[in-house]
Amino acid sequence: MLRALLISLSGNRRLRTFAENSPIGQRVSRRFVAGTTVEDALNATRAVNQRGMSVSVDNLGENVTNAEEAHQSAGLYHQLLDEITARGLNANISLKLTHMGLDVDPRVARELVWGLVQHAAQLNNFVRVDMEGSAYTQVTLDTVHELHRAYPGRVGAVIQAYMRRSQADVERLIAEGIRIRLCKGAYKEPPDLAFQKKSEVDANYVRLMEILLKSGIYHGIATHDERIIEQTKQFARAERISPEAFEFQMLYGIRRDLQEKILRQGWRMRVYIPFGTEWYPYLMRRLAERPANLFFILRNLFRG
Ligand code: FDA
C-alpha cells in the first residue's frame, strides 16, 4: 500500500516542486544524494574511491520538457568526464535518455548521447545508459546497440529482472559483447510486461545473473539483496569465475555495511552516486523500495 502510494507520489509535479525547493527537502535528500553540484559529486566520488570502490555518477533528472534542459545536463556530464580524468578518479557516468531530451525530440537525445559516448571513448571512459519505464525499453536498447557498434566497449545497457522480455534482451546484448548492469527494476509495470511477485522477480534475477557471469563479458550485478549477492558469489566460486570478471553495484547511501563487507571479501564494488537539484523522483523510488527509510530520514531530520 505504502509502496504504491510512494511510487504514485514520485510523479506528483506539485509535491516535487515544493520538495526540491524547500530547505527541509534538500536536507532530507542528502541521505541518498551526494549534493547538487558537479563538485559535490566529485567530492563524494573521491571519498568512495578512497574506500576502495569505483563509482558511476548520475546527474539526477528525467523527462526534461525542453531541449535547453537536455543540453544543460549533457554539459554537466561532459564536465564530469573531463574532471574524472583530470582528478584521476575511478568513475564512469550513468545517464537517462529522457534526461537527454528523448520526449522532446529524439534527434536531440541521439546527438547528445552520441557526443557523450564519443567523449568518453576519447578519455578511455564508459557511459551506462540507465533503463527507465517500459515505454522506453526498446528505444534505449536500440540506442545502446547502435552506440556499441560505433564505440565498442564504451557504452553499456541496464536490464531489469522484473521485465518478462529480459532474458531475450540479455541474449541479444551478450551476442554483441555489450556490458550489462542487472537490476530488479524500479518502475510500476503491468502484469503482462513484468513479474509482479517478488519471488518471481528474484528467480528471474538469479537466472539472468548466471547467464551474465558465464558470458565472459564484464557485467554489473546491481542489488542490495543479500540472498542474491550470496548466490552470485557461490555461483562465481562454483564456476571458477574470477572476482575481477564482474562487479557488484549498489546505490549511494544504501547498505554501506554490506558494501564494505563485500569489498573485504575480495569482490569488486561500484557505487552509483546521484547528484543534482532534481532529486525528488529518485528519492521517492528509494523510499518506495523500503518505506522504513521514511522513518529513518524523519528521525535524522528531527534529531537535527
Ligand atoms: P530489494 O528491493 O528486494 O531489496 C533487497 C534488500 O535490500 C532489502 O531487504 C533491503 O535490505 C535492501 N534495500 C533495498 N532498497 C533499499 C533502500 N532503498 N534503502 C535501504 N535498503 C534497501 N532500476 C531501474 O529500473 N533502472 C536502472 O537503471 C537502475 N539502476 C540501478 C543501479 C544500481 C547500481 C542499483 C543498485 C540499482 C539500480 N536500479 C535501477 C534500482 C533497482 O531496480 C531496484 O529498484 C533497487 O536496487 C532495489 O532493489 P534491490 O535489488 O536492492 O532488492
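In what follows, the structure referred to is the one given above.
Student: I'd like to hear about the site of the ligand, residue by residue, with values.
Tutor: Close to the ligand lie 24 residues, the nearest being Lys184, Gly185, Thr223, Glu289 and Asn293. Take Arg181: an N or O atom from its side chain is 3.1 Å from a nitrogen atom of the ligand. One of the side-chain N or O atoms of His224 is found 2.7 Å from an oxygen atom in the ligand. Relative to its unbound accessible area of 930 Å², the ligand is 86% covered by the protein chains. Every element with two or more residues in the shell around the ligand is listed here: strand S4 (155–160), strand S5 (179–183), strand S7 (246–251) and helix H12 (280–289).

Student: Residues and numbers for empty space enclosed by the protein, please.
Tutor: Applying the stated rule across the entire model yields 1 cavity of 30 Å³ or more. In this model, the largest cavity occupies a volume close to 40 Å³. Forming the boundary of the largest cavity are Arg3, Ile7, Gly185, Ala186, Arg285, Ala288 and Glu289. For the lining of the largest cavity, the secondary structure elements donating two or more residues are helix H1 (2–9) and H12. Residue contributions to the lining of the largest cavity peak at 3 residues, all from H12. For the lining of the largest cavity, the per-class residue count stands at 3 nonpolar, 1 polar and 3 charged.

Student: A description of unusual backbone geometry should follow, citing residues and the corresponding values.
Tutor: At Asn124, a position not held by glycine, the phi torsion is positive, near 60°. Note on placement: Asn124 falls in the loop between helix H6 (106–122) and strand S3 (127–129).

Student: Before we move on, can you summarise the pairing of strand S6 (residues 219–222) with the specific residues and values?
Tutor: Regular strands have side chains that alternate between both faces of the sheet. Residues His219 and Ile221 of S6 are buried on one face, and the alternating residues Gly220 and Ala222, pointing to the opposite face, are buried as well. Pairing geometry for S5 and S6, over 2 bridges, is parallel. Paired with Arg181 across the bridge in S6 is Gly220. In this fold, the crossover linking S5 to S6 by way of helix H9 (residues 198–214) has right-handed handedness. Inspection of the sheet shows S6 paired to S7 by 4 bridges, in the parallel sense. What sits directly across from Gly220, in S7, is Glu247.

Student: An account of the pairing of strand S8 (residues 269–275) is needed here, citing residue identities and associated values.
Tutor: In terms of burial, S8 is a largely internal element, 7 of the 7 residues being buried. Across the two faces of S8 the burial is the same, with Met269, Val271, Ile273 and Phe275 and Arg270, Tyr272 and Pro274 all buried. Pairing between strand S1 (residues 54–59) and S8: 6 bridges, direction parallel. Counted as the bridge partner of Val55 is Val271 from S8. Note that S7 and S8 share 4 bridges and pair parallel. For Gln249, the partnering residue across the bridge sits in S8 and is Arg270. Once the chain exits S7 it traverses helix H11 (residues 256–264) before rejoining the sheet at S8, and the crossover so formed is right-handed.

Calculation rules
- Residues numbered from 1 in each chain as written.
- Predicted model: local features only at pLDDT ≥ 70, side-chain atom pairs only at ≥ 80, totals over all residues.
- Heavy atoms only, no water.
- Near = heavy atom within 4 Å.
- Polar contact = N/O pair within 3.5 Å; in protein donor to acceptor, adjacent residues only side chain to side chain.
- Areas by Shrake-Rupley, 256 points an atom, 1.4 Å probe, with all protein chains shown as cover.
- Helix = DSSP H or I, 4+ residues; strand = E, 2+ residues; numbered from the N terminus.
- 1 Å grid on protein atoms, 1.4 Å probe; cavity = no way out; pocket = protein on both sides within 12 Å on 5 of 7 lines; lining within 4 Å.
- Points joined across faces, edges and corners; volume = space filled by probe spheres on them.
- Nonpolar A, V, L, I, M, F, W, Y, C, P; charged D, E, K, R; others polar.
- Buried < 20%, exposed > 50% of the residue type's maximum accessible area, 1.4 Å probe, protein only.
- Pairing = 2+ DSSP bridges.
- Right-handed = clockwise from strand over helix to strand, strands pointing away.

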